[in-house]
Amino acid sequence: MAEEAATTRPEFPIGRVKKIMKLDKDINKINSEALHLITYSTELFLRFLAEKSSVVTAENKRKTINLDHLRTAVKRHQPTSDFLLDSLPLPAQPVRNTKSVSDKKAPAPPVGTRRIDDFFNKGKAKVDSS
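Quick summary incoming for the structure in this document. (Residues numbered from 1 in each chain as written. Predicted model: local features only at pLDDT ≥ 70, side-chain atom pairs only at ≥ 80, totals over all residues. Heavy atoms only, no water.)

With that settled, the discussion passes to the overall build of the chain. On a plain count of helices and strands, the chain comes out with six helices and zero strands. Element order for the chain, N to C, with α for helix and β for strand: α-α-α-α-α-α. The buried share among the 130 residues of the chain stands at 15%. Look at the contacts in the chain between residues 6 or more apart in sequence, and 28% of them connect residues 24 or more apart. When the accessible surface of the chain is split by element, carbon and sulfur atoms take 57% of a total near 11,700 Å². (Helix = DSSP H or I, 4+ residues; strand = E, 2+ residues; numbered from the N terminus. Buried < 20%, exposed > 50% of the residue type's maximum accessible area, 1.4 Å probe, protein only. Contact = heavy atoms within 4.5 Å. Areas by Shrake-Rupley, 256 points an atom, 1.4 Å probe, with all protein chains shown as cover.)

The following block contains the structure:
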């Protein structure tokens, strides 16, 4: 009976989970029980991914989990693979160093995008011109 009275707190901050849930425009109000359920299920899911990725990392005789280990763990578990594999970034392609570092130029960003430097330089331009 004492165990039932003691409530456990989730590891993730409930307020942050609520903010993430409210990013969906279809959600107006969130019940506190639903919020706790989503928080706990997220914890369990991330713990599951971490454990499976850890197994793959140990199989590869590595100490640090990387994206390839995570992708392999997701591929091995079919229900997770069905919805998550498309959301993971593609593995990095090996880079061939044919030119020296000083000869390389930064690739141009895709059309319609801006570099983050432009955002910060706008504020300096306003201050400098005043």
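Position of F48 relative to the elements: it lies in helix α3 (residues 32-59). The spacing of F48 and A73 is 25 residues in sequence and 9.9 Å in space, taken between C-alpha atoms. Discounting residues that sit within four places of it in the chain, F48 has contacts with H77 and T80.

Here we come to the pattern of salt bridges. What the rule picks out here adds up to one salt bridge. A salt bridge links R76 to E59; its shortest N-O distance comes to 2.8 Å. Linking R76 in helix α4 (residues 67-76) with E59 in helix α3, this pair joins segments that are 17 residues apart in sequence. The exposure class assigned to E59 is partly exposed, which follows from its relative accessible area of 47%. (Salt bridge = Lys/Arg side-chain N within 4 Å of Asp/Glu carboxyl O.)

Nothing here speaks to function; it is all geometry.
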